[in-house]
Amino acid sequence: MAQRRRLQVAGVVQGVGFRPFVYGLAHRHGLAGFVRNDARGVVVEVEGEPKELDLFAAALVEQAPPLARIASLETSKIETRDELEFVIETSAADGERTALVPADIATCDDCLRELFDPGDRRFRYPFVNCTNCGPRFTIVRSVPYDRANTTMASFEMCDQCRREYEDPRDRRFHAEPICCPDCGPRLSIELESAVSLLREGKIVAIKGLGGYHLACDAANEQAVARLRARKGREEKPLAVMSSSPELLVELGPDEEALLHSAERPIVLARRRPGAPVAPSVAPATEWLGVMLPYTPLHYLLCADFGGTLVMTSGNLSDEPIAFENGEAERRLGEVADAFLSHDRPIERRCEDSVVRAAFPIRRSRGYAPAALPLPVGARRPLVATGAELKSTFCVVRGDQAFLSPHLGDLDSELAYRAFGTDLELYLAMLAVEPELVACDLHPDYLSSKWARGQDLELIEVQHHHAHAAACLAENGETGTALALVLDGTGYGTDGTIWGGELLRFDLAGFERICHLDPVPLPGGEAAVHEPWRVAAAYLERAERPVPFPDWSRVRESLKVNAPLSSGAGRLFDAAAALLGVRERVSYEGQAAIELEQLAGHTEVEPYPCRSEGRRIIAADLIAAAHDDLAAGRERAEIAAAFHEGVALACAEACARAAEPRTIVLSGGCFQNLRLLASTRRRLEDLGFRVLVHRLLPPNDACISFGQAAVAAYAMD
Ligand code: ZN
Ligand code: ZN
Ligand code: FE
């Protein structure tokens with residue numbers, strides 16, 4: 001006897017080829033009924049033999065398309081309708097709007113074959129895509145994910161495209177951004193002319209998925225130097241795009257997998273000696289950020305150009321990335337010699353993601369807006385506004401946390417306006433009206449000011465508590481733990497700057513158990529840009545002579561502007577300046593990155609470091625480094641002994657704290673692989689269970705997620 005069942009599927013099931021998959025499956029099992037997208041996901045009704053219905057339901061989960069993520073499946077028995085056919089119905093926009101918008105997906109192999117097949121009607125068409133690949137998040141205006149709700153709505157499908165779109169057996173069945181040379185978007189200039197400009201060493205602004213890139217020949221030193229000068233970017237490494245990254249960097253299996261993943265992030269890997277990239281691409285670092293092409297336009301560019309391209313965000317220094325045609329031409333006009341643009345609008349900006357094998361450094365394009373599970377569900381929708389540098393926000397609905405893409409540094413008017421726009425677009429897309437807002441305790445962060453300006457219930461979360469909560473929640477836990485947060489800067493509950501902290505905490509609150517002994521930062525913010533100032537303050541604390549000629553002048557600032565800081569980032573800066581690695585930095589973390597590189601894998605005994613009460617006397621490490629330097633010891637050995645000394649002093653502090661036996665590691669300093677590995681090993685040797693970041697960056701990009709976890713918990 002025939003039965004009829006209704007299956008409600010939730011999760012990432014729109015824009016990933018789910019309905020044609022269901023259609024095919026229903027036919028194979030001889031079932032009638034329908035499938036359609038709704039605002040919560042996908043609804044299926046199937047009618048047929050109970051045995052076939054069971055097989056169908058099992059296969060629905062087991063054989064789901066590779067990019068689908070089924071979060072839940074509810075099944076109910078309903079009245080039979082004696083239907084004979086299985087059909088795909090068009091979308092119903094009613095119901096609660098909780099369907100998940102997929103992230104952007106790199107061009108698939110099938111589409112690539114067509115792109116380079118002279119016999120195909122989409123041969124060399126720079127916007128080819130299908131049910132399994134193409135733009136998603138960056139073109140979606142609202143859910144459900146249907147063409148009418150994307151920026152492709154204004155392109156009318158031609159007859160051939162419409163036939164493919166409507167044919168359940170076609171691989172473009174309901175591929176919402178479907179298009180072809182006859183009906184789809186067009187480039188603003190011939191690809192050939194962009195390629196010849198690049199060959200001549202010119203800078204071309206290229207419109208990508210989530211914004212513009214600035215591109216130039218990565219092997220041409222003059223071109224790269226000109227790009228840096230015009231963009232106002234002194235030394236921060238530039239990412240490159242290449243079809244053969246293995247020629248540029250050493251790739252282990254993890255790096256290979258990340259490079260080729262559908263997310264297509266920029267992968268940081270060690271540069272090969274003699275790699276054909278100009279010195280200015282990534283000066284003074286052995287790491288190089290590489291990515292594969294990920295849109296058809298990129299594939300055509302790389303194929304025609306032949307070499308490696310610098311592909312850096314289309315902005316001036318630290319401004320938000322440009323993504324609207326007119327705006328890009330206005331803002332990048334002075335930087336780019338030409339624009340390779342097109343007429344498919346970008347709905348929202350989304351910069352490239354950056355990852356290391358062990359953890360992301362920037363979780364953005366390809367990942368956003370995929371939901372991260374929260375171990376504690378929020379009873380009311382909320383938004384957390386994050387920190388200031390490497391800013392992100394986080395929207396929570398139930399136990400799903402939707403982290404925004406990378407927003408950059410929120411310290412300018414332009415960045416602040418972009419933050420407001422991004423947040424509105426995000427809330428509209430998710431159809432969330434927050435009832436509560438969480439923010440950093442800092443009095444002056446623009447993100448906190450925005451939060452305080454809303455007419456919503458407010459929760460302020462201390463910066464390092466948010467770091468700790470982020471790491472704990474990311475690991476799916478909610479209990480009490482220790483947290484070692486080694487970080488640059490965060491506002492403490494006592495009004496001083498924190499950043500070298502051992503906390504005992506849970507999602508409800510924390511206790512500051514131990515911290516680096518604070519030093520004054522001569523000149524405040526200036527000390528962050530000029531690490532030698534911090535080195536001078538540490539040397540005075542250590543009662544050692546200060547070798548920097550400007551000190552006699554700058555010392556005066558100790559009386560008027562010298563906030564106290566326990567930041568571990570500043571300690572690494574001090575050591576770097578003392579060793580002559582770098583006295584001034586042009587981007588956050590630069591001195592520490594170069595110090596880590598100097599230390600390499602050199603094996604040494606750690607420097608000793610005393611603790612007094614709740615303070616780790618980090619000046620001991622600087623004193624030891626100073627004395628060794630004066631005695632003529634190798635700088636690499638000093639850098640290594642310093643790293644080990646920090647790890648040892650922290651591990652000893654944890655051993656004294658003793659309970660609980662779980663410890664989380666967070667903060668930007670843990671992007672330092674030597675520090676992370678050494679600290680982790682020492683803690684595990686002491687019998688601690690160590691939790692680290694794997695899904696979120698250890699830096700301030702994780703703050704909004706941590707705030708969200710604390711706020712969700714507070715509602716319980
Ligand atoms: Zn495809
Ligand atoms: Zn067409
Ligand atoms: Fe931080």
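Residues numbered from 1 in each chain as written. Chains lettered and ligands numbered in written order. Predicted model: local features only at pLDDT ≥ 70, side-chain atom pairs only at ≥ 80, totals over all residues. Heavy atoms only, no water.

A.B. asks: Describe the packing of helix H18 (residues 590-599) against helix H20 (residues 635-657), with residues and values.
C.D. replies: Two packed helices can be described by the angle between their axes and the distance between those axes. Contact geometry of H18 with H20 gives a least axis separation of 7 Å together with a crossing angle of 110°. The pairing of H18 with H20 is recorded here as roughly perpendicular in orientation. Crossing handedness for the pair H18 and H20: left-handed. Contacts from Leu-595, Glu-596, Leu-598 and Ala-599 of H18 reach H20 at Arg-635, Ala-636, Ala-639, Ala-640, Phe-642 and His-643. When its residues are assigned to classes, the contact of H18 with H20 shows seven nonpolar, one polar and two charged. (Axes fitted to C-alpha atoms, helices over the stretch in contact; angles between N-to-C directions. Helix = DSSP H or I, 4+ residues; strand = E, 2+ residues; numbered from the N terminus. Parallel < 35°, antiparallel > 145°, perpendicular 65-115°, else oblique. Left-handed = near helix turned anticlockwise from the far one by under 90°. Contact = heavy atoms within 4.5 Å. Nonpolar A, V, L, I, M, F, W, Y, C, P; charged D, E, K, R; others polar.)

A.B. asks: Break down the coordination of the zinc ion (ligand 1) for me, citing the residues and quoting the values.
C.D. replies: When a metal holds four donors in a tetrahedron, each ideal angle between them is 109.5 degrees; when it holds six in an octahedron, the ideal angles are 90 or 180 degrees. Summarising the metal site, the zinc ion (ligand 1) is bound by the protein donors Cys-108 (SG), Cys-111 (SG), Cys-130 (SG) and Cys-133 (SG), whose distances to it range over 2.3 Å. One can describe the site at the zinc ion (ligand 1) as tetrahedral: its four donor atoms subtend angles covering 102 to 117° at the metal. (Donors = N, O, S within 2.8 Å, 3.2 Å for Na, K, Ca; no water. Tetrahedral: all angles 85-135°; square planar, octahedral: opposite > 155°, others 65-115°.)

A.B. asks: Run through the domain arrangement of the chain, naming residues and quoting values.
C.D. replies: In terms of domain boundaries, the chain breaks down into domain 1 (3-88), domain 2 (191-356), domain 3 (371-475 + 699-715) and domain 4 (517-645). Each of domain 2 and domain 4 was reduced to a C-alpha centroid, and the two centroids are 34 Å apart. Of all residues in domain 2, Glu-235, Lys-236 and Ala-284 bury the most surface against domain 4, accounting for 55% of the area lost on that side. Inspection of the region where domain 2 meets domain 4 yields one salt bridge. Where Arg-582 meets Glu-235, a salt bridge forms, and the shortest distance between an N and an O atom there is 3.4 Å. Grouping the constituent residues of the side of domain 2 that touches domain 4 by class yields two nonpolar, one polar and five charged. (Domains from an automatic or database assignment. Buried area = accessible area lost by both parts, 1.4 Å probe. Salt bridge = Lys/Arg side-chain N within 4 Å of Asp/Glu carboxyl O.)

A.B. asks: Give a description of the coordination of the zinc ion (ligand 2) that names residues and reports values.
C.D. replies: Taken together, Cys-158 (SG), Cys-161 (SG), Cys-180 (SG) and Cys-183 (SG) make up the protein donors of the zinc ion (ligand 2), found 2.2 to 2.3 Å from the metal. Along the chain, the residues donating to the zinc ion (ligand 2) are arranged with the sequence spacing C-x2-C-x18-C-x2-C. Of this pair, Cys-158 sits in the loop between helix H3 (109-115) and helix H4 (159-166) while Cys-180 sits in the loop between H4 and helix H5 (191-199); the two residues are 22 residues apart in sequence, bridging distant segments of the chain. Classification of Cys-158 by relative accessible area gives buried; the value is 17%. (Buried < 20%, exposed > 50% of the residue type's maximum accessible area, 1.4 Å probe, protein only.)

A.B. asks: Run through the pattern of salt bridges, naming residues and quoting values.
C.D. replies: Tallying each qualifying case throughout the model produces 58 salt bridges. A salt bridge links Arg-452 to Glu-460, with the nearest nitrogen and oxygen atoms 2.7 Å apart. Exposure remark for Arg-452: the relative accessible area of 31% places this residue in the partly exposed category. One network of salt bridges, with partners in common, ties together Arg-4, Arg-6, Glu-45, Glu-47, Arg-81 and Glu-83.

A.B. asks: How would you summarise the pairing of strand S6 (residues 204-207) if you had to cite specific residues and measurements?
C.D. replies: Taking every second residue as pointing to the same face, both faces of S6 are buried, with Val-204 and Ile-206 on one and Ala-205 and Lys-207 on the other. Pairing between S6 and strand S7 (residues 212-217): four bridges, direction antiparallel. The residue bridging Val-204 from the neighbouring strand is Ala-215, located in S7. Here S6 folds back onto S7, and the loop between the two strands holds four residues, one of which, Gly-211, carries a positive phi near 155°. Where S6 lies against strand S12 (residues 338-340), three bridges are found, and the strand directions are parallel. (Pairing = 2+ DSSP bridges.)

A.B. asks: Mind laying out the environment of Met-715, listing which residues take part and the relevant values?
C.D. replies: Within the secondary structure layout, Met-715 lies in helix H22 (residues 703-715). On the basis of relative accessibility, which here comes to 9%, the residue Met-715 falls in the buried class. Between the C-alpha atoms of Met-715 and Arg-380, which are 335 residues apart in sequence, the distance is 7.9 Å. Residues in contact with Met-715, not counting those within four places in the same chain, are Ala-378, Arg-379, Arg-380, Leu-382 and Leu-436.

A.B. asks: Please give an account of the sheet that holds strand S4 (residues 69-78) that cites residues and values.
C.D. replies: In space, the five strands of this open sheet follow the order S4-S1-S3-S2-S5, with mixed pairing throughout. The outermost strands of the open sheet, each flanked by one partner alone, are S4 and strand S5 (86-88). Geometrically, the sheet is characterised by an average inter-axis angle of 15° between neighbouring strands, direction not taken into account.

A.B. asks: Describe the sheet that holds S12, with residues and values.
C.D. replies: Read from one edge of the open sheet, nine strands run S12-S6-S7-S11-S8-S10-S9-S13-S14, paired in mixed fashion. Looking at strand neighbours, the two that pair on one side only are S12 and strand S14 (360-362), the edges of this open sheet. In this fold helix H6 (residues 221-231) packs onto S7 and strand S11 (309-313), with an angle of close to 145° to the strand it touches most, S7. Sheet contacts for helix H7 (residues 253-260): strand S9 (266-270), strand S10 (287-291) and strand S13 (354-355); angle to S9, the most-contacted strand, approximately 155°.

A.B. asks: Outline the packing of helix H19 (residues 619-630) against H20, supporting the account with residue identities and numerical values.
C.D. replies: Running from N to C, H19 and H20 point in directions that differ by 165°, and their axes come no closer than 10 Å. As the angle between them shows, H19 and H20 are arranged roughly antiparallel. Remark: the crossing between H19 and H20 carries right-handed chirality. Listed contacts from H20 to Leu-621, Ile-622, Ala-625, Asp-628 and Leu-629 of H19 are Arg-635, Ile-638, Phe-642, Gly-645 and Val-646. Along the lines of polarity and charge, the residues of the contact of H19 with H20 split into seven nonpolar, one polar and two charged.

A.B. asks: For the packing of aromatic side chains, give the residues involved together with the corresponding values.
C.D. replies: All told, the structure shown has 11 aromatic pairs when counted by the stated rule. Ring geometry for Tyr-212 against Phe-339: centres 6.3 Å apart, planes inclined by 75°, an arrangement best described as edge-to-face. Of this pair, Tyr-212 sits in strand S7 while Phe-339 is found in strand S12, placing the two residues 127 residues apart along the sequence. Exposure class is identical for Tyr-212 and Phe-339. Each is buried. When the ring of Phe-572 is compared with that of Phe-642, the centres are 5.1 Å apart and the planes differ by 80°; the resulting orientation is edge-to-face. Taken as a pair, Phe-572 in helix H17 (residues 568-578) and Phe-642 in helix H20 lie far apart in primary sequence, 70 residues in all. (Phe/Tyr/Trp six-rings, centres within 6.5 Å; stacked < 30°, edge-to-face > 60°.)

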